[in-house]
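Understanding the architecture of this molecule
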Amino acid sequence: MSGKEETDVSRLFGSDAAAEAEIDLRGMEMIEALERLGQGIASLPAATVRVLIDPASPTSGETLFQPVGRYLLEARRDGEVLAMSPLQAQDPEGRPLAGFLIHLPRSGPPLH
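Right, let's walk through the structure included here. (Residues numbered from 1 in each chain as written. Predicted model: local features only at pLDDT ≥ 70, side-chain atom pairs only at ≥ 80, totals over all residues. Heavy atoms only, no water.)

1. Quick notes on the overall build of the protein
Condition: Segments assigned H or I by DSSP are reported as helices when at least four residues long, segments assigned E as strands when at least two residues long, and all are numbered from the N terminus. Throughout, a contact is declared for two residues whenever any of their heavy atoms are within 4.5 Å. Areas reported as accessible are Shrake-Rupley estimates using a 1.4 Å probe. Residue values count occlusion only from the protein chains shown.
Tallying secondary structure elements over the protein gives 3 helices and 5 strands in all. Traced from its N-terminal end to its C-terminal end, the protein shows the element sequence α-β-α-β-α-β-β-β. Taking the contacts inside the protein whose residues are at least 6 apart along the sequence as the reference set, 67% of them involve residues at least 24 apart. Split by element, the accessible area of the protein, about 6900 Å² in all, is 52% carbon and sulfur.

In structure tokens, the structure reads:
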């Protein structure tokens, strides 16, 4: 892949370095997770927020990726979220994190 193609692809994913706050939904059932997400979107003063979910594994079954993604799309349609992208980040041990980077209409331009 050329340098330009790598740059274009990297713009599709959010970097955790841009997050000012975090909503951690790991270990939650769907209803609880969506309630917590809604509360966080409504109350956080931060403009950029990292939303963490449990990553998929061979034994995990359904993850929160689809329901959280749908919730965020609806929130974007309603103007509560300006931009969202899949999270491309790692924890301190180097393991990939699953989730989204969202930009809320608090201040500054959207991520993309």
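2. Looking at the layout of surface pockets
Test applied: Here a cavity denotes grid points, spaced 1 Å and computed from the protein atoms alone, that fit a 1.4 Å probe unable to get out, and a pocket denotes an open set having protein on both sides within 12 Å along at least 5 of 7 lines; residues with an atom within 4 Å of a point are the lining. Grid points are joined across faces, edges and corners, and a volume is the space filled by probe spheres set on the points. Residues are sorted three ways: Asp, Glu, Lys and Arg are charged, Ala, Val, Leu, Ile, Met, Phe, Trp, Tyr, Cys and Pro are nonpolar, and all the rest, Gly among them, are polar.
There is about 160 Å³ of room inside the largest pocket. As for the largest pocket, its lining consists of Met 28, Glu 29, Met 30, Ile 53, Asp 54, Pro 55, Ser 60, Glu 62, Thr 63, Leu 64 and Pro 67. When its residues are assigned to classes, the lining of the largest pocket shows 6 nonpolar, 2 polar and 3 charged.

3. Notes on the pattern of salt bridges
Put simply, the test is: By convention in these notes, a salt bridge is any Lys or Arg side-chain nitrogen within 4 Å of a carboxyl oxygen on Asp or Glu.
Counting across every chain of the model gives 4 salt bridges. For the salt bridge of Asp 24 with Arg 26, the shortest nitrogen-to-oxygen distance reads 2.7 Å. Residues Glu 74 and Arg 77 are paired through a salt bridge, measuring 2.9 Å at the closest nitrogen-oxygen approach. Of this pair, Glu 74 and Arg 77 both sit in helix H3 (residues 65-77), 3 residues apart, which is roughly one turn of the helix.

4. Some thoughts on the packing of aromatic side chains
Inclusion rule: In this scheme Phe, Tyr and Trp rings, the latter by its six-membered ring, pair at centre separations within 6.5 Å, and the angle between planes marks the pair as stacked below 30 degrees, edge-to-face above 60, and tilted otherwise. Using a 1.4 Å probe on the protein chains alone, a residue whose accessible area is under 20% of its type maximum counts as buried, one over 50% counts as exposed, and one in between counts as partly exposed.
Under the defined criterion, the tally for this structure stands at 1 aromatic pair. An angle of 20° between the planes, with centres 4.8 Å apart, marks the rings of Phe 65 and Phe 100 as stacked. Here the residue Phe 65 occupies a position in helix H3, and Phe 100 occupies one in strand E5 (residues 96-103), the gap between them amounting to 35 residues. The class of Phe 65 is partly exposed, set by a relative accessible area of 40%. Of the residues examined, Phe 100 reaches a relative accessible area of 3% and is grouped as buried.

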